[in-house]
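# Architecture at a glance
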Amino acid sequence: MDKKLDRILSGFSKQLIESVCESIRIPSLNAPPLGGAPYGREIARAAEHALSKAAGLGLRTVDLDGLVAWAEYGNGDETVLAMGHLDIVPPGDGWDWDPYAGRIEDGYILGRGAQDDKGPLFGTLYAMKAVAELGVPLRRKIRVVFGMDEETSKMRDVDAYLRHEGPPLMGFTPDGEFPVVNAEKGTIKFRARRVFDAFAIAGPRLLKIEGGEGLGSVPAKAAATLCCDQRGVANLRERLERFSAAHEWDVLFKADGDMLKIETTGKAAHATLPELGTNAVGRLLLLLAQACIEGEPGSYIDFLANILGIESDGNKLGIAAFDSHCGKLTLNLGKIEGDGAGVAVDVGIYIPANTMSFETVCEKVESAFGDQGATIEMLARVAPIYYSAESELVRTLQRAYRAATGEEPQLISMCGGTYSKRMPNMLPFGATFTGEDDRAHAANERVLVSNLLESTRIMAYAILEMAK
């Protein structure tokens, strides 16, 4: 361990915590372009705040037309970098405090972005400043890049950086786990739309269905409205109440004349870790499959309940896969919307490296939904990443982790769609520790201050190791 570097880092602890809290108070959700803000005004505000903090530390800053920004130190011909993101996913429901609280309570910083990714990103900023203060000769220029378009999966910020600057020699994104990640699952995201040609004239009819806020999270809320005669509403409600009670599900039923509204509650979680959440849309589909909805809407709802439902391994689609290092394939039904005229679902599939090909997964998805008369729109298709244990980037991050902690760095795989998928020569490194309470994309997101400070310390060692 470098005691001088550790002392310097300790001196920045208060500023780091304040910067993270201030950033959390900015609701930096992606929005339509506005003037010079290509991702919306709130993300632009978050970037302005980050650049102001970096300038206040005496670092050089660059704002590339609002598309991406960075702070840098050093003058080497080669560049190494850390890149995190300031944009966030919608808060969703189920919070016990203001999602934009940006305050400390019981040793935690509270609010959306505390873990993903404002806390870790500001950690890299102060880590870079500490390396600069260390005063040792560095061969390479260091950059901390403030990303702004990660949660949409479009990553236009990466594209803008690469067009202007080209790829770095090496880098990491503080949007993963410790010790060292050397593999990340591939991602397929798609929207399936089914338009119904015929309308039912008898029996339960689907008037409306909705749930989920996007592909970033396991949906915690979903609702549907059915219509039938008043006697049928009473019978239908009784049957569905028995089904939900048998499964011990949290479901609210509201009858109003010839209409029955059904509201299901689940538990939000990161889309790449669906087993940590409970899918409210999946629960709703399984309930509706018991309702005997008439016509094409009913047959399609039954199909969705059977093929997706609440399972997350893709087995019903015939795409279940597993790798001993990269783990199992996971699937998340992130959003549903529609009515008696048509229904659309948004689905994310996360594929372990060294298992099933993208072509096979896409063929099975298109075949299953095509047989139902649905059309598929591919929203994202990003290959998995895998770096061998002998690669220079992996070895560099391992040396840094070993120097910071004295522990032998195990290589691990993770889910996710981090910047590593788009930025060459980059891997996730931190900032979550094994066993940490991970609430990224979930309600009540928070980060333990002591973990934030320790992850910042480890990332400082990584920055130093890459730059020297």
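Reference entry: report on the structure contained in this document.

Cut-offs applied
Residues numbered from 1 in each chain as written. Predicted model: local features only at pLDDT ≥ 70, side-chain atom pairs only at ≥ 80, totals over all residues. Heavy atoms only, no water. Helix = DSSP H or I, 4+ residues; strand = E, 2+ residues; numbered from the N terminus. Rg over C-alpha atoms; globule rule 2.2 N^0.38 Å. Buried < 20%, exposed > 50% of the residue type's maximum accessible area, 1.4 Å probe, protein only. Contact = heavy atoms within 4.5 Å. Lys, Arg positive; Asp, Glu negative; His and termini not counted. Charge placed at Lys NZ, Arg CZ, Asp CG, Glu CD. Core = buried A, V, L, I, M, F, W, Y, C linked by side-chain atoms within 4.5 Å. Pairing = 2+ DSSP bridges. Salt bridge = Lys/Arg side-chain N within 4 Å of Asp/Glu carboxyl O. Axes fitted to C-alpha atoms, helices over the stretch in contact; angles between N-to-C directions. Parallel < 35°, antiparallel > 145°, perpendicular 65-115°, else oblique. Left-handed = near helix turned anticlockwise from the far one by under 90°. Nonpolar A, V, L, I, M, F, W, Y, C, P; charged D, E, K, R; others polar. Phe/Tyr/Trp six-rings, centres within 6.5 Å; stacked < 30°, edge-to-face > 60°.

Right, let's talk about the overall build of the chain for a bit. In terms of regular secondary structure, the chain is built from 11 helices and 24 strands. What you see for the chain is a C-alpha radius of gyration of 24 Å, in line with the 23 Å of a compact globule of 468 residues. Projecting the C-alpha coordinates of the chain onto the three principal axes gives extents of approximately 80 × 45 × 45 Å. Looking at the chain residue by residue over its 468 residues, the buried ones come to 59%. Put simply, 77% of the contacts in the chain that link residues at least 6 apart link residues at least 24 apart. Across the chain, the mean location of the 50 positive side-chain charges is 3 Å away from that of the 65 negative side-chain charges.

In this structure, L5, I109, L125, F146, F172 and F429 are the most contacted members of the largest nonpolar core, which totals 66 residues. Ranked by residue count, the leading element in this core is helix α11 (residues 449–467), at 11 residues. Every residue in contact with F146, bar those within four places of it in the chain, is listed here: A50, L51, A54, V68, A69, W70, A71, G84, L86, L121 and L125. Of all hydrophobic cores here, the second largest spans 54 residues; its members include I188, C228, F243 and V365.

For the rest of this paragraph, the subject is the sheet that holds strand β9 (residues 180–184). Taken together, the 3 strands give an open sheet; going across it, the order is β20-β9-β21, and neighbouring strands pair in mixed fashion. Only two strands of the sheet have a single neighbouring strand rather than two, namely β20 (385–386) and β21 (411–414). Two strands pair when backbone bridges link them, and β9 and β20 are joined in this way by 2 bridges, in the antiparallel orientation. Bridge pairing in β20 places A183 opposite Y386.

We now examine the pattern of salt bridges. Evaluated as defined, the whole model comprises 32 salt bridges. R422 is paired through a salt bridge with D159; the nearest N and O atoms lie 3.3 Å apart. Taken together, the residues span a long stretch of sequence, with R422 in the loop between β21 and β22 (426–428) and D159 in helix α5 (residues 156–165) at a distance of 263 residues. With relative accessibility at 28%, the residue R422 sits in the partly exposed group.

Attention shifts here to the environment of G370. In this fold, G370 is placed in helix α9 (residues 358–370). The spatial distance from the C-alpha of G370 to the C-alpha of R194 is 9.4 Å, given a sequence separation of 176 residues.

Glancing now at the environment of K185. With respect to the helices, strands and loops of the structure, K185 is situated in the loop between β9 and β10 (186–195). On the basis of relative accessible area, K185 is assigned to the buried category, the value being 3%. Distance from K185 to N332, taken between C-alpha atoms, is 14 Å for residues 147 residues apart in sequence. Setting aside residues up to four positions removed in sequence, K185 forms contacts with C326, K328, L329, T330, Y350, I351, P352, P384, M414, C415, G416 and K421.

This part is about unusual backbone geometry. Note: most peptide bonds trans; most residues except glycine with negative phi. A cis geometry characterises the amide bond from D116 onward to D117, with omega recorded as 10 degrees. In this structure, D117 sits in the loop between β5 (108–110) and α4 (118–134). Its identity is not glycine, yet D65 carries a phi of approximately 55 degrees, on the positive side. In the Ramachandran plot, D106 falls in the positive-phi region, its phi being about 55 degrees despite a non-glycine side chain. Tracing the backbone through its elements, the reader meets D106 in the loop between β4 (103–105) and β5. Given the relative accessible area of 69%, D106 is considered exposed.

The subject of this paragraph is the packing of helix α3 (residues 41–56) against α4. With their axes 11 Å apart at the nearest point, α3 and α4 run at an angle of 20 degrees to one another. Relative to α4, α3 is oriented roughly parallel. Seen along the crossing, α3 lies across α4 with a hand that is right-handed. Where α3 approaches α4, its residues H49, A50, K53 and A54 are matched on the opposing element by F122, L125 and Y126. Residue composition of the contact of α3 with α4, by class: 5 nonpolar, 1 polar and 1 charged.

Taking strand neighbours across the sheet as the criterion, the 8 strands line up as β13-β14-β12-β11-β17-β18-β10-β19 in an open arrangement whose pairing is antiparallel. For this open sheet the edge positions go to β13 (251–256) and β19 (375–382), each flanked by a neighbour on one side alone. Across the sheet, the mean angle separating the axes of adjacent strands is 20 degrees when strand polarity is ignored. Both β10 and strand β18 (residues 342–351) contribute to a ladder of 10 bridges, which runs antiparallel. What sits directly across from F190, in β18, is V347. Packing of helix α8 (residues 295–307) onto the sheet brings it into contact with β10, β11 (205–211), β17 (330–339) and β18, and relative to β10 it is tilted by some 160 degrees.

Considering all chains together, one arrives at 12 aromatic pairs under this definition. Ring geometry for F178 and Y401: centres 6.0 Å apart, planes at 40 degrees, overall tilted. Residue F178 is located in the loop between β8 (176–177) and β9, and its partner Y401 is located in helix α10 (residues 392–405); the two are separated by 223 residues in the primary sequence. Judged by its relative accessible area of 7%, Y401 falls in the buried class. A ring pair is formed by Y300 and F303, whose centres lie 5.8 Å apart and whose planes are at 25 degrees; its orientation type is stacked. Note that Y300 and F303 are positioned in helix α8 at a spacing of 3 residues, about one turn of the helix.

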